[in-house]
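# An overview of the molecular structure
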Amino acid sequence: MVGALLRDESPTTLSECRQAIDRVDAALATLLERRAALAGIVQRIKPVGGFAGRDLARERAVVARMAQRAPTLGETRLAPIMNAVIEAGLHLAEERGADRPPA
Ligand SMILES: O=C(O)C(=O)C[C@]1(C(=O)O)C=C[C@@H](O)C=C1
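Residues numbered from 1 in each chain as written. Predicted model: local features only at pLDDT ≥ 70, side-chain atom pairs only at ≥ 80, totals over all residues. Heavy atoms only, no water.

On to the side chain of Gln43, then. Within the secondary structure, Gln43 sits in helix 2 (residues 14-45). Polar contacts involving the side chain of Gln43 include one to the main-chain carbonyl oxygen of Ala39, which spans 3.0 Å. (Helix = DSSP H or I, 4+ residues; strand = E, 2+ residues; numbered from the N terminus. Polar contact = N/O pair within 3.5 Å; in protein donor to acceptor, adjacent residues only side chain to side chain.)

Here it is, written out as structure tokens:
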């Protein structure tokens, strides 16, 4: 899925650009859904899950590693994006009561 998105295409018209963006956004949505599911499992495994168990050092490491793959965006621009992604996952986990111990 992601591989196809990285092929060397050069859209020139507004319509072509938006179609290419829509394909990337579809992949992003799928990946974000998967990430949120995994982060929800993590919250149940951790001794203290949810916002109370937030690990800022881990979050910085996540951003630093992503910046190696997205050097144009870099850590400065990736940090607020990943903060929003992580907080969305934590809100979802808390809504689902993921801070309870596993059954
Ligand atoms: O790795 C963890 O400890 C998690 O809880 C997952 C996660 C994340 O979504 O990546 C969420 C909150 C933490 O602050 C750090 C990372």
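This part takes up the site of the ligand. Lining the immediate surroundings of the ligand are Arg35, Ala39, Val42, Gln43, Lys46, Arg54, Asp55, Arg58, Glu59 and Ile86. Between an oxygen atom of the ligand and a side-chain N or O atom of Gln43, the distance comes to 2.8 Å. Taking Lys46, its side chain carries an N or O atom lying 2.8 Å from an oxygen atom of the ligand. Across the complex, the protein chains shield 89% of the 360 Å² of accessible surface that the ligand would expose by itself. When contributions to the shell around the ligand are tallied by element, the ones reaching two or more residues are helix 2 and helix 3 (56-69). The element that contributes the greatest number of residues to the shell around the ligand is helix 2, accounting for 4 residues. Here the shell around the ligand is built from residues that sort into 3 nonpolar, 1 polar and 6 charged. (Near = heavy atom within 4 Å. Areas by Shrake-Rupley, 256 points an atom, 1.4 Å probe, with all protein chains shown as cover. Nonpolar A, V, L, I, M, F, W, Y, C, P; charged D, E, K, R; others polar.)

This paragraph deals with the UniProt feature "domain: Chorismate mutase" (unreviewed entry) in the chain. Mapped onto this numbering, the UniProt entry gives "domain: Chorismate mutase" (unreviewed entry) at residues 8-97. For residues 8-97, helix accounts for 76% and strand for 0%, while the C-alpha atoms at its two ends are 44 Å apart. (UniProt positions renumbered as here; feature names shortened; annotations may be inferred.)

Let us look at the pattern of salt bridges. Overall, the coordinates contain 3 salt bridges when judged by the stated rule. Residue Glu9 is joined to Arg23 by a salt bridge in which the shortest nitrogen-to-oxygen separation is 3.0 Å. A residue pair is termed long-range when its members are at least 10 positions apart, and Glu9 in the loop between helix 1 (2-5) and helix 2 and Arg23 in helix 2 qualify at 14 residues. We classify Glu9 as partly exposed; its relative accessible area is 32%. (Salt bridge = Lys/Arg side-chain N within 4 Å of Asp/Glu carboxyl O. Buried < 20%, exposed > 50% of the residue type's maximum accessible area, 1.4 Å probe, protein only.)

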